Amino acid sequence: MLVRKAVRSLGNPLRGIFYPSVTVNRSQTALAQARSVLENELDTIRAGGTWKGERIITSKQGAHIYVDGSHGDILNFCANNYLGLSSHPAVVEAGVKALQSYGAGLSSVRFICGTQDIHKNLERKLAEFHEREDAILYASCFDANAGLFEVLMGPEDAVLSDELNHASIIDGIRLCRAKRLRYRHLDLNDLEDKLKEAQSSRLRLIVTDGVFSMDGDVAPLKEICDLSDRYGAMVFIDECHATGFLGPRGRGTDELLGVMDRVQIVNSTLGKALGGAAGGYTVGPKPLIDLLRQRSRPYLFSNSLPPPVVGCSTRAVELLLESNEIAQSMTAKTMRFRNAMTAAGFTISGKLHPICPVMLGDARLASLMADDMLKLGVYVIGFSFPVVPKGKARIRVQISAAHSNEDIDRCVDAFIQTGRKHGVVS
């Protein structure tokens, strides 16, 4: 018996030499199959005209940028840099000071050893800005949306969500075990029907973007809050495309529509108007924020925001707390672009919002026009499926407080020239 075992053990190392490894061959075959599937999928995207290339910016973010492969100054009408704070000197200086004083990062999550006094200070300022009880920071607003619903809503609860809500909201709701009811976009009658259906639930939460980023639509929050009062529901809004510039003081959609005291939970971002670096947050009732600190998975298992990001964002919020001048400059510039484009024959979606989607329908046309716009010195991007529904491709223009009237007029002129070339306008 011992001799036989010894012979087997001596023979095993030699098998790999004389017999090709079946495991390795299968692994290589599996990889080749996967590669074929992936390449076919990529070819389908290219053929459909929905390929999303990445242009390389070689300067800081701003109304005027430099782009790899282009010559000279390029007008940027594609960034979410609504207030022009991404490269504001005071914001940049605050980030540099935070880097020098607090280092590059914490190398940890918040509850282990990743919380600094600057994190708590920013949370206090965000709660003050939104006039809510408390705030909690996340690595992104995607994480804030992913971390909320699973904690707040259980199997005995119901979530009522606008069908065009942001992908991060949809993903966050999928993670919770609540009953999920989707209502037609901005359709108050359908929302009311869903609220009636959810009356047996313990908690009911109406979930909507404050502003829908692809279309520039503003949610009818006053009417939504009226329904929430009638049927005993709470209201949640995602304010990524409203915080800092909508409303008289830039507080957002709820301020614009006069319902700040009727919306219970707000999620938003630090990565757009508030400095443009990174990070997101939730503001709302203190018991909710306390529970998120205990159970929200993206918060518990993600590194804390780096000090330079916290420094930049804090200074951006402080600037808006000190003055509403920047926020108030947006309306006139937005309407200048919308009115000129409409007069030229273009179809512009949305209302009164700096997001101005130029509707084209065809994905390939949107991509070609965006490329031609860059040749004329204007940076815009064609949006197509799956970012927007099939057949609703567009070029989404975003107005910034940093744009001058001359910048806006130059952008309109480039659209007219390009639109005529492709037969969009006469």
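Read on for an overview of the structure. These numbers were taken from a predicted model, which means no experiment stands behind them.

Rules and cut-offs
Residues numbered from 1 in each chain as written. Predicted model: local features only at pLDDT ≥ 70, side-chain atom pairs only at ≥ 80, totals over all residues. Heavy atoms only, no water. Helix = DSSP H or I, 4+ residues; strand = E, 2+ residues; numbered from the N terminus. Contact = heavy atoms within 4.5 Å. Core = buried A, V, L, I, M, F, W, Y, C linked by side-chain atoms within 4.5 Å. Buried < 20%, exposed > 50% of the residue type's maximum accessible area, 1.4 Å probe, protein only. 1 Å grid on protein atoms, 1.4 Å probe; cavity = no way out; pocket = protein on both sides within 12 Å on 5 of 7 lines; lining within 4 Å. Points joined across faces, edges and corners; volume = space filled by probe spheres on them. Nonpolar A, V, L, I, M, F, W, Y, C, P; charged D, E, K, R; others polar. Pairing = 2+ DSSP bridges. Lys, Arg positive; Asp, Glu negative; His and termini not counted. Salt bridge = Lys/Arg side-chain N within 4 Å of Asp/Glu carboxyl O. Polar contact = N/O pair within 3.5 Å; in protein donor to acceptor, adjacent residues only side chain to side chain.

### Digging into the side chain of S228
Turning to step 1, where the next piece is worked out: With respect to the helices, strands and loops of the structure, S228 is situated in helix α9 (residues 221-231).
Turning to step 2, where the next piece is worked out: The contacts of S228, once residues within four sequence positions are left out, are I206, A233 and V235.

### Concerning the nonpolar core
Turning to step 1, where the next piece is worked out: The biggest cluster of nonpolar side chains holds 52 residues, and the ones touching the most others in it are L83, L126, L191, L195, I206, I224 and L270.
Turning to step 2, where the next piece is worked out: Apart from residues no more than four positions distant in its own chain, I224 is found in contact with Y183, L188, L191, I206, T208, A219 and V235.
Turning to step 3, where the next piece is worked out: In this structure, I348, A363, V378 and I399 belong to the second largest nonpolar core, which totals 28 residues.

### Regarding the layout of surface pockets
Turning to step 1, where the next piece is worked out: Approximately 790 Å³ is the volume found for the largest pocket.
Turning to step 2, where the next piece is worked out: Elements supplying a minimum of two residues to the lining of the largest pocket: α6 (141-152), α7 (167-175) and β7 (211-212).
Turning to step 3, where the next piece is worked out: Within the lining of the largest pocket, the residues separate by chemical class into 15 nonpolar, eleven polar and ten charged.
Turning to step 4, where the next piece is worked out: In this structure, the second largest pocket is lined by 32 residues; those nearest its centre are G53, C78, Y379, I381 and F383.
Turning to step 5, where the next piece is worked out: Elements with a contribution of two residues or more to the lining of the second largest pocket: α16 (363-375), β14 (382-383) and β15 (393-398).
Turning to step 6, where the next piece is worked out: Looking at the lining of the second largest pocket residue by residue, the class counts come to twelve nonpolar, 14 polar and six charged.

### Notes on the sheet that holds strand β12 (residues 355-361)
Turning to step 1, where the next piece is worked out: As summarised here, the arrangement of the three strands in space is β12-β15-β14, forming an open sheet in which the pairing is antiparallel. Edge positions in the sheet fall to β12 and β14, since each has one partner strand and no second.

### Regarding unusual backbone geometry
Turning to step 1, where the next piece is worked out: Cis geometry is adopted by the peptide bond preceding P386, which originates at F385 and carries an omega value of 5 degrees.
Turning to step 2, where the next piece is worked out: One can find P386 in the loop between β14 and β15.
Turning to step 3, where the next piece is worked out: With a phi close to 60 degrees, E131 is a non-glycine residue in the positive phi region.
Turning to step 4, where the next piece is worked out: The residue L186 is not glycine, and still its phi comes out positive at about 60 degrees.
Turning to step 5, where the next piece is worked out: A residue is classified by how much of its surface remains accessible, and L186, at 29% relative accessible area, is partly exposed.

### Re the side chain of D162
Turning to step 1, where the next piece is worked out: Residue position: D162 is located in strand β4 (residues 158-162).
Turning to step 2, where the next piece is worked out: Comment: no salt bridge for buried D162; closest opposite-charge side chain is R182, at 8.4 Å.
Turning to step 3, where the next piece is worked out: Looking at D162, its side chain comes within polar contact range of the main-chain nitrogen of L164, at 2.9 Å.
Turning to step 4, where the next piece is worked out: Apart from residues no more than four positions distant in its own chain, D162 is found in contact with R182, Y183, R184, H185, L186, V207, T208 and F212.

### Focus on the pairing of strand β11 (residues 280-284)
In regular strands, side chains alternate between the two faces of the sheet.
Turning to step 1, where the next piece is worked out: Among the five residues of β11, five are classified as buried, and the element is accordingly described as predominantly covered.
Turning to step 2, where the next piece is worked out: Taking every second residue as pointing to the same face, both faces of β11 are buried, with G280, T282 and G284 on one and Y281 and V283 on the other.
Turning to step 3, where the next piece is worked out: Bridge analysis of strand β3 (residues 134-138) against β11 gives five bridges, and the strand direction is antiparallel. Across the sheet, the residue bridging to A135 is V283, located in β11.
Turning to step 4, where the next piece is worked out: Note that strand β10 (residues 265-269) and β11 share four bridges and pair antiparallel. The residue bridging N267 from the neighbouring strand is T282, located in β11.

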